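Structural overview
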Amino acid sequence: MKGLRVAGLTKSFGGVRAVDDASVTFQHGRINALIGPNGSGKTTFFNCVTGMVKPDAGIVTYHDRDITGRGAHKIAHEGIGRSFQLCRVFPRLTAVENLLAAVRPGSIVRALAPARLKSDVDRALELLTRVGIEHLADVEARDLSYGQQKLLELAGVLMADPETILLDEPAGGVNPALIERIGVLVRELNAEGRTFLIVEHNMDVVMSLSDHVVVFDRGRPIAEGPPDVVRADPLVLAAYLGG
Ligand SMILES: Nc1ncnc2c1ncn2[C@@H]1O[C@H](COP(=O)(O)OP(=O)(O)OP(=O)(O)O)[C@@H](O)[C@H]1O
Ligand SMILES: [Mg+2]
């Protein structure tokens, strides 16, 4: 099966089972959404899949390859990229420098060396154009609006040319115009063959963007299906009402 699959995934923090024996499949080629109440384990799920947190139990496979417990660097190499719930950019680097640093995480000094390949700079500028902030290329990230920083982070994810992209609340704290732009971008990138898995609380975004929705409650899926079906599911309503 092409796509991302987890089976029996479990991760506890002290007494809290953040992800609790979760089994779920996200098919390749789709725009998948992962929704659920606060604290239902969505970000922890992302962290386990992308190698930032080691699961206590369970298996993660990508295109039928076992990637369980591999480091973040290796998983990025498999073609899985991600953004963070609290946007991660280097505040004192310019937009273009942020993208150069994104290709070589861990070596900002080398990333910004003058000997840097022109091709990386060209690609960075191309991606800034793609996300619509090329006019801000030389502006420090701390001087960008939060929505612009999120677009910059997305461009940083694209620097590695990932075929699967995990976005943790891309619309959170972003103004409606930029939410619209992020939506258009996701659709375009999906049409070009990239798979998405999007955690999002903004239901308008989830309903308008996704092909398939999985609902988490207390660390595992309780419902899944097309957006309109999931929206009408009484179990989902109960989870959001704290039932
Ligand atoms: N590093 C950590 N240490 C201790 N507890 C944690 C840690 N990370 C997550 N948790 C706990 O695990 C549970 C799931 O948290 P997680 O952040 O995965 O939920 P979420 O679905 O992403 O929530 P939100 O929608 O608010 O972002 C919560 O009870 C949270 O407090
Ligand atoms: Mg979260």
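Fair warning: this is a prediction, and the values are worked out from it, not measured in the lab.

Quick look at the side chain of Asp-217 now. Tracing the backbone shows Asp-217 in strand E9 (residues 212-217). Apart from residues lying up to four places away in sequence, Asp-217 is in contact with Pro-37, Ser-40, Ile-222 and Ala-239.

Because the α-helix completes a turn every 3.6 residues, residues three or four places apart line up on one side. Over its 14 residues, helix H6 (residues 146-159) runs 20 Å from end to end, which matches the ideal 20 Å to within 8%, given 1.5 Å per residue. If you check which residues of H6 are buried, you get Gly-147, Gln-149, Lys-150, Leu-151, Leu-152, Glu-153, Leu-154, Ala-155, Gly-156, Val-157, Leu-158 and Met-159. Next to the buried residues of H6 lie strand E6 (80-82), helix H3 (95-103), helix H5 (118-130), strand E7 (164-168) and helix H7 (176-191). Positive phi shows up at Asp-161, right after H6, with a value of about 55°.

Okay, the layout of surface pockets next. Reported here for the second largest pocket is a volume of approximately 160 Å³. Taken together, Pro-176, Ile-179, Glu-180, Gly-183, Val-184, Arg-187, Asn-202, Asp-204, Val-205, Ser-208 and Leu-209 form the lining of the second largest pocket. Broken down by secondary-structure element, the contributors of at least two residues to the lining of the second largest pocket are H7 and helix H8 (203-209). Looking at the lining of the second largest pocket element by element, the count peaks at six residues for H7. Looking at the lining of the second largest pocket residue by residue, the classes come out as five nonpolar, three polar and three charged.

Another aspect to go through is the domain arrangement of the chain. Here the chain is partitioned into domain 1 (1-76 + 164-169 + 196-243) and domain 2 (80-161). The straight-line distance from the C-alpha centre of domain 1 to that of domain 2 is 27 Å. With 15 residues of domain 1 at the interface, the matching set in domain 2 holds 10 residues. Summed over both sides, the interface of domain 1 with domain 2 buries roughly 1200 Å², with 56% coming from carbon and sulfur. Where domain 1 packs against domain 2, one counts zero salt bridges.

The rules behind the values
- Residues numbered from 1 in each chain as written.
- Chains lettered and ligands numbered in written order.
- Predicted model: local features only at pLDDT ≥ 70, side-chain atom pairs only at ≥ 80, totals over all residues.
- Heavy atoms only, no water.
- Helix = DSSP H or I, 4+ residues; strand = E, 2+ residues; numbered from the N terminus.
- Contact = heavy atoms within 4.5 Å.
- Expected span 1.5 Å × (residues − 1).
- Buried < 20%, exposed > 50% of the residue type's maximum accessible area, 1.4 Å probe, protein only.
- 1 Å grid on protein atoms, 1.4 Å probe; cavity = no way out; pocket = protein on both sides within 12 Å on 5 of 7 lines; lining within 4 Å.
- Points joined across faces, edges and corners; volume = space filled by probe spheres on them.
- Nonpolar A, V, L, I, M, F, W, Y, C, P; charged D, E, K, R; others polar.
- Domains from an automatic or database assignment.
- Buried area = accessible area lost by both parts, 1.4 Å probe.
- Salt bridge = Lys/Arg side-chain N within 4 Å of Asp/Glu carboxyl O.

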